[in-house]
Amino acid sequence: MSDLVTIKDKQFKPYISQQQISEAVKKIATSINNELKNDQPLFLVVLNGSFMFAADLLKEVSIPCEISFIKVASYHGTTSSGTVTELIGLSEDITGRTVIIVEDIVDTGITLEKLITVLKRKNVKQIKVATVLLKPDSYKKEFTIDYYGMKIPNDFVIGYGLDYDGLGRNLKEIYVLA
Ligand code: 5GP
């Protein structure tokens, strides 16, 4: 593995190697291939952070599937609940479909909860969640994280799609604050 990287004002050290990531991604793909082969799932890749994981994962997925890229936008609307969540980029009719949310990392699960709430309203058949990283000490939501690559403590990580202030997404490995 390579050495320390400096991004803006912070130093990061190697944390999860390319090989470890690759093994974790293959494990997720194998589970999906086995469990969802009759469902023709729709992968919903949550941008920006998941682009690298999605590319690696989908190369290992061998079952019939579709892929779409979305962004989750939240803004203060005029509804009683205050915040309105909108999915940008979802053009498919997902009624009755098996949808797999592709995330880079699940931390508190707030982003995921918003996304799942919107998807449930669209009468999907089932929703599965695939993420590279999961922070179990932080995640307190009820939704099952069906497929995850690795559990990590509550540390700030970058690389493999994850950024620090917009930078570091292109790193092949995952780094943690040094
Ligand atoms: P949550 O809503 O689950 O708390 O957080 C989800 C989002 O927060 C992720 O999609 C990611 O953008 C960001 N995030 C959470 N933890 C980290 C981290 O350790 N590093 C980076 N770069 N982003 C994180």
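In this text the structure is predicted, and so the values were computed from the model without any measurement.

Caption draft 1: Region of interest: the layout of surface pockets. The computed volume of the largest pocket comes to approximately 290 Å³. Lining of the largest pocket is provided by 17 residues; of these, V46, E103, D104, I105 and T111 occupy positions nearest its centre. Those elements giving two or more residues to the lining of the largest pocket turn out to be β4 (66-76), β6 (98-106) and α3 (110-120). Sorting elements by how many residues they give to the lining of the largest pocket places β6 first, with 4 residues. Here the lining of the largest pocket is composed, by residue class, of 7 nonpolar, 6 polar and 4 charged. Here the second largest pocket is characterised by a volume of approximately 190 Å³. Along its surface, the second largest pocket is lined by Q18, I21, S22, V25, K26, M52, D56, K59, E60, Y160 and K172. Looking at the lining of the second largest pocket, the elements that each hand over two or more residues are α1 (18-35) and α2 (51-60). The element contributing the most residues to the lining of the second largest pocket is α1, with 5 residues.

Caption draft 2: Highlighting the pairing of β4. Sheet topology note: the strand β3 (residues 42-46)/β4 ladder contains 5 bridges and is parallel. Looking at β4, one finds that V45 is bridged to F69. In this sheet, strand β5 (residues 83-88) lies alongside β4 in antiparallel orientation, the contact comprising 6 bridges. Paired with A73 across the strands is E86, a residue of β5.

The rules behind the values
Residues numbered from 1 in each chain as written. Predicted model: local features only at pLDDT ≥ 70, side-chain atom pairs only at ≥ 80, totals over all residues. Heavy atoms only, no water. 1 Å grid on protein atoms, 1.4 Å probe; cavity = no way out; pocket = protein on both sides within 12 Å on 5 of 7 lines; lining within 4 Å. Points joined across faces, edges and corners; volume = space filled by probe spheres on them. Helix = DSSP H or I, 4+ residues; strand = E, 2+ residues; numbered from the N terminus. Nonpolar A, V, L, I, M, F, W, Y, C, P; charged D, E, K, R; others polar. Pairing = 2+ DSSP bridges.

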